[in-house]
Amino acid sequence: MSDRELRVSKIRNGTVVDHITAGQALNVLAILGIDADSGETVSVGMRVPSDRLGSKDIVKVEGRELSQDEVDVLSLIAPAASINIVQEFDVVKKHRVERPEEVVGVLSCPNRHCITTEDEPVESRFDVLDDGIRCTYCDTIVRDSIPEQIDVA
Ligand code: CTP
Ligand code: ZN
């Protein structure tokens, strides 16, 4: 992409989540626990033109890397995303997200009586299926509404 086409400034240090499924950027921010009060410097591009995807979203978070749990959940809503680690303006590491076998934390179980949603110190855990996720503790299956289960901190 030429500099004239660059919509969102390059960052010096941090993480660029690129090739996000168009329309999912706000859900990605929620997965990363970023909101108006989180105090982080973040750039967001929504439905920007992409050679590979036609149109894509992009999120640039300055000064931090993502946890594996965050990346695992991200892969469920943005399966083509790539994670780019930037140091001193250079991309020093780049990898595609992979659909994991299970996801831990970040999402909450929709079952109000699940042990993970009671006042117990039990972290949420879901097995990843072909077409959704299943709570390891109560077997509740979440298919289309994964974004609604993103834990708001
Ligand atoms: N990027 C950034 N700040 C930097 C370096 C890169 O914001 N200092 C962004 C770029 O704008 C791009 C992404 O990180 O969206 C990946 O950068 P790069 O690997 O240089 O781009 P491409 O080769 O186009 O990546 P890909 O092949 O993954 O599409
Ligand atoms: Zn459950």
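Heads up: the structure comes first, above all this text.
Residues numbered from 1 in each chain as written. Chains lettered and ligands numbered in written order. Predicted model: local features only at pLDDT ≥ 70, side-chain atom pairs only at ≥ 80, totals over all residues. Heavy atoms only, no water.

Caption draft 1: Layout of the sheet that holds strand β6 (residues 102-104). Within the open sheet, the 4 strands sit side by side as β6-β7-β8-β9. Their pairing is antiparallel. In this open sheet, the two strands that pair with only one neighbour each are β6 and β9 (141-142). Two elements, strand β7 (residues 125-129) and strand β8 (residues 132-135), share 4 bridges in a ladder whose sense is antiparallel. Paired with Val-128 across the strands is Ile-133, a residue of β8. Of the strands in this sheet, β6, β7 and β8 touch helix α2 (residues 68-77), which is tilted by about 130° from β6. (Pairing = 2+ DSSP bridges. Helix = DSSP H or I, 4+ residues; strand = E, 2+ residues; numbered from the N terminus. Contact = heavy atoms within 4.5 Å. Axes fitted to C-alpha atoms, helices over the stretch in contact; angles between N-to-C directions.)

Caption draft 2: Representation of the coordination of the zinc ion (ligand 2) in the model. In this structure, Cys-109 (SG), Cys-114 (SG), Cys-135 (SG) and Cys-138 (SG) serve as the protein donors to the zinc ion (ligand 2), at separations of 2.3 to 2.4 Å. If you look at the zinc ion (ligand 2), its 4 donor atoms make angles of 99 to 115° with each other, and the shape they trace is tetrahedral. Written as a sequence motif, the donor arrangement for the zinc ion (ligand 2) is C-x4-C-x20-C-x2-C. Note on Cys-109: relative accessible area 5%, which makes it buried. In this structure Cys-114 comes out as buried when scored by relative accessible area, which is 1%. (Donors = N, O, S within 2.8 Å, 3.2 Å for Na, K, Ca; no water. Tetrahedral: all angles 85-135°; square planar, octahedral: opposite > 155°, others 65-115°. Buried < 20%, exposed > 50% of the residue type's maximum accessible area, 1.4 Å probe, protein only.)

Caption draft 3: How the structure looks around a nonpolar patch on the surface. A cluster of nonpolar side chains, Leu-26, Val-44 and Met-46, forms an exposed patch at the surface whose accessible area comes to about 270 Å². One can find Val-44 in strand β2 (residues 42-50). (Patch = residues over 30% accessible without salt bridge, like charges linked within 9 Å, V, L, I, M, F, W, Y side chains within 5 Å. Areas by Shrake-Rupley, 256 points an atom, 1.4 Å probe, with all protein chains shown as cover. Salt bridge = Lys/Arg side-chain N within 4 Å of Asp/Glu carboxyl O.)

Caption draft 4: Broad picture of the nonpolar core. Counting 33 residues, the largest nonpolar core has Val-17, Leu-32, Val-59, Leu-74, Leu-107 and Ile-133 as the members making the most contacts within it. Mapped onto this core, the elements with two or more residues apiece are β1 (14-21), α1 (25-31), β3 (54-62), α2, β4 (82-87), β7 and β8. Sort the elements by how many residues they give to this core and α2 lands first, with 5 residues. Taken domain by domain, the makeup of this core includes at least three residues from each of domain 1 (14-96) and domain 2 (102-149). When neighbours within four sequence positions are excluded, Leu-107 is seen to be in contact with Val-73, Leu-76, Ser-124, Phe-126, Ile-133, Ile-146, Gln-149, Ile-150 and Asp-151. (Core = buried A, V, L, I, M, F, W, Y, C linked by side-chain atoms within 4.5 Å. Domains from an automatic or database assignment.)

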